[in-house]
Amino acid sequence: MMNRNLLSRTTAAAALLTQFSMPAMAQEVARPTQAKATELEEIVVVGTQIAGAAPVGSDPVVVSREDAALTGLANPADILRRMPQVVSGDVGFQGGTANQGYNGSQMDTINLRGLGAGATLVLVDGRRVVGAGGAATATDANQVPLAALERLEILTDGASAVYGSDAVAGVVNFVLRKDYDGVEATARVDDQSGGTQYGATLIAGTVWEDLGGLGGGNILVTYEHLDRESFNAGKIARLRQDLRPLGGPDLRVYDDDATVGFSPNIISQGLPNSTIPQARAYTYWGVPSGDGTGLTAGSLALNQPNLVEGADYKDWTGEQVRDQLAVYFNQSLTTNLELFGSLSYTDRETVSEHLSPTVKVPLLGTPYFIAGLPANQTVQYSTLKDGQTRVFSAQAETIGAVLGLRASLPGNWAAEAYLNYGRNQQCDSCVTGAINTAALTAQAQAGNINPLSSVPLTAAQLDLVYGNSRFESRTTLEDAVLKFNGPLFDLPAGPVRAAVGGEFRTEANANRNLSRTGPTNALTQLSNYDGSEFDRDIGSVFLELNIPLVNRGMDVALIRSLTLSASARYDDYSDVGGTTNPRLGFNWDLTDQFSLRGSWGTSFRAPSVTDANPYAVTSGTPSRVPNYDPRITNGVLPPGFLGPFGIANAALMLGSNPDLVPEESENWSLGASFEHEGFNIGLTYWNISFDNQIIFPGSIPAYLQATPASVPANGGNYDGWGALIIPVNNPASCNNADLGTADPTLQRFLESVNYDFVSSGGDYSFASPLKNDFCRVNVIIDSRIQNVGSVEQSGIDFNTSYAHQLGDVNLIGQLALSYQLENDISTGPGVPAVSQIGNLTDPTSLFEWRGTAGLTALWNGFDATVMARYLDSMLATGQLGANGLPGPDRNMSSYTVFDLTLGYGAEFDERRLGVLRGWRAQVAITNVADDEPDFMVTSGDSSGAAWNFKYGLPFGRTYSAQLTARF
């Protein structure tokens, strides 16, 4: 074994620990020399189009393949989420598909600085990749297998002047391995995603000096297979509905919703329920087991509902099978011309199961009406007794292909032209075992199905009320780019270099929806790809200059070197118009150890092609919510219950919004770095100002967690979301058969609803409960993706690291902190901005402090890494007490977890056993102490109410083991 083994591990660990703390050090690894810039090879450094130049004014974080191995993590998304600048929560797990909301295919996304996954541009080798989604566009953060990567590059700065739309919060660039010669195989097992998952990766590459007289080239093929078992939510106490063992409420009953057992319940809205406080204004009667005939009011169990624990029937993490293939090749055609290309393919299917939401059938007008009970008696139907659970199959297939030419031109100039194609086709919500409430109600009214029976339905009856639904989407990208770069002229400090080019791309999105709908449970094609396609064309031109003013040989006082950059890009969208975005930057080395940097620029994000598609899903769902607002009156519930104005009937507007306009932002930053004999320290102040930022708003939690002080009548504004909480005053003449009789404000909203996401993900339907029962609505809570009025964000990133050799042991320590100074959100013109820092229940609110700290030790091929991840304290508003009713706000303690990775590996001068060139074994433990954040309950209608995704994943201590061999 060579001594280089220890040296390479020391270098890799130092880079790993500086990935979060000293990007400048990692950046040096990727900074090409001037000589390299003229060679016919691809040079990818995020943040610039100029070959041979590092980005000016910003320090990208570079995570090498060796760095990634030391984390013990399985995929790029999990590695990126270790950065303090990345906000947790955008994790593609089931958690109930309802919790996933607009990420039905359950992909992982990356959210830099909490500005939304859509504000982070994802690239592969500096090129765009296709997005995905039927209700909102997202980009998978696991674009290629981890083993296929040479490195990850992360730019936490606006870069629209270089890349165009979406590069607002920053850029993540996946740089592929390209020159590997040999075979590498990896086997892995872990439970980091809840269920046990098994993975295998194979890499094979070869390099040649000549191919039929054309010259040298290479090809690299990577294949990865992942097989993950499902994980039942009931295994984790905080994911259960019955939280009484933890001191919380029993949420198997909440308002008029319940997790119904094998026999049904009857409910009636009226006075507050003192026996079951979380039932609020509903009285419950448990129906005895039997065929549902001969029932009387006396035979029912008053306020003793039939219940089961829903978490026991729910996959928090679905079973998943994923196959990924990545191919890269390049071939010299002449001494000045090279052909290159890549192909990527991902096929992913996630299958998860859980109970249907509460199915309610009014008994009035049916043969099963029970005398002696109130007229508004309603059955909570049991789907369990029919042996039916909803099964979600989230299927996604993504293809990417690039083919291009790279040429060396006179005067040390180079040219590159390529075609880039991407297509994603997925089922955002493919459901079997869904019950059609409209059909069940019709069958009950006709006397064909007794909803009070606990006897399973016959096969013929099942076909009358159950069925399948499929909501599929297709997104495509066609991209053509031509660019040139090289020196313009010489200055005393060196050549002024430029990059100039143009791009033309077409983006398209379409949806296909097939569902059982209406009283007859007919299989209906609600939309198809041909009738729902929306596309746009974008033409762009860009220019970038790198200007060296002072170099180290000029002997200028306090200026060892000074470099400026200037770039601009014009993008013209066929649907939303044109925009020009400039950027300026500087790097100033005062001494060999101390440097300053800064940047300023504007960025632009057009609504995604899915957001802008008028045929994309917009849904409206009826819900009963507590009300403290005197503008919102009901007339059904008594005053003084849950506040002075009872409970409101709300129309929850969800999904896409075709009325969006582009967002614009201004970014600037100032930073300083100091390096000396293994010690590094860095500090960056950053500031982002948005107008019309595109986000999913916090209007629903703002209303649900409201207190009397939150409402406008008492000087509040629902934590800044008041513009999206809209009172409705339907006239007495309102007729559910005629939308024109409703409040005009409600009319406008319901006319924009293409489909209703019935039963929280069971069906899409034109015959929605909301469109058929809108007269009772008295408030609209608009939670569609929105242009908010403005967002002001600023913060400080601090990082430090130190490497020291103690005998034969190399030690590397690091600390990285991100401090949020501002996150002020205004929801409309003239609406005062509200600070969204430290509020656990608002999805737009951020931690004030986030950080990581780590220590790595290396000795004779062994490595050990301990890392701590820190999240600051937060305020939990609207907590539910043990009785299921809102209680006082509570300060949550800070939360710290520790991770441990242990590894050993060797590289051989001569092959062992005739084939083996090297190997590495590794085990890792995340959350070693199995810690949990403080207990709290902030929502009351589903399992998982005691867990907030701001804290990441709820799995506690997890393990992984991995073995890699190189041949």
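Residues numbered from 1 in each chain as written. Predicted model: local features only at pLDDT ≥ 70, side-chain atom pairs only at ≥ 80, totals over all residues. Heavy atoms only, no water.

Looking at an unreviewed UniProt entry, the chain carries the name TonB-dependent receptor, with the source organism given as Steroidobacter agaridevorans. The Sequence similarities (unreviewed entry) field of the UniProt record for the chain holds the comment "Belongs to the TonB-dependent receptor family." The UniProt entry for the chain carries this comment under Subcellular location (unreviewed entry): "Cell outer membrane". (UniProt positions renumbered as here; feature names shortened; annotations may be inferred.)

When helices and strands are counted, the chain shows 13 helices and 48 strands. Taking the contacts inside the chain whose residues are at least 6 apart along the sequence as the reference set, 74% of them involve residues at least 24 apart. Surface exposure of the chain reaches about 35200 Å², of which carbon and sulfur atoms provide 57%. (Helix = DSSP H or I, 4+ residues; strand = E, 2+ residues; numbered from the N terminus. Contact = heavy atoms within 4.5 Å. Areas by Shrake-Rupley, 256 points an atom, 1.4 Å probe, with all protein chains shown as cover.)

This part covers the pairing of strand β6 (residues 182-190). The side-chain alternation of β6 yields one buried face, formed by G182, E184, T186, R188 and D190, and one unburied face, formed by V183, A185, A187 and V189. Across seven bridges, the pairing between β6 and strand β48 (residues 958-966) is antiparallel. Of the residues in β48, the one forming a bridge with A185 is A965. (Buried < 20%, exposed > 50% of the residue type's maximum accessible area, 1.4 Å probe, protein only. Pairing = 2+ DSSP bridges.)

What follows covers helix α8 (residues 437-445). Buried residues of α8: A439, L440, T441, Q443 and A444, and no others. Structurally, α8 contributes buried residues whose contacts are with β18 (359-362), β19 (378-381), β21 (413-435) and α9 (459-465). Its side-chain oxygen at 3.0 Å from the backbone nitrogen of A438, N436 defines the N-terminal cap of α8. Phi turns positive, to about 80°, at G447, one or two residues after α8. (Polar contact = N/O pair within 3.5 Å; in protein donor to acceptor, adjacent residues only side chain to side chain.)

This brings us to the sheet that holds strand β1 (residues 61-64). If you walk across this open sheet you meet the five strands as β1-β4-β5-β2-β3, and the pairing is mixed. Pairing within the sheet leaves two strands with one partner each, and these edge strands are β1 and β3 (127-128). Where strand β2 (residues 120-124) and strand β5 (residues 170-176) come together, five bridges link them in parallel fashion. Looking at the pairing, L123 lines up with N173 of β5.

This part is about the nonpolar core. Ranked by size, the top nonpolar core spans 52 residues in total, and within it I110, L152, I154, F174 and Y703 carry the most contacts. When residues of this core are assigned to their parent elements, the largest contribution, four residues, is made by strand β30 (residues 647-655). Of the residues that make up this core, three or more belong to each of domain 1 (37-230 + 318-372 + 374-611 + 661-695 + 787-835) and domain 3 (618-655 + 698-782). Other than its neighbours up to four places away in sequence, F174 contacts P76, V122, L123, V124, D125, A141, Q143, V144, L149, R151 and L152. Core analysis: the next-biggest nonpolar cluster, separate from the first, contains 18 residues, I236, L239, W316 and M874 among them. (Core = buried A, V, L, I, M, F, W, Y, C linked by side-chain atoms within 4.5 Å. Domains from an automatic or database assignment.)

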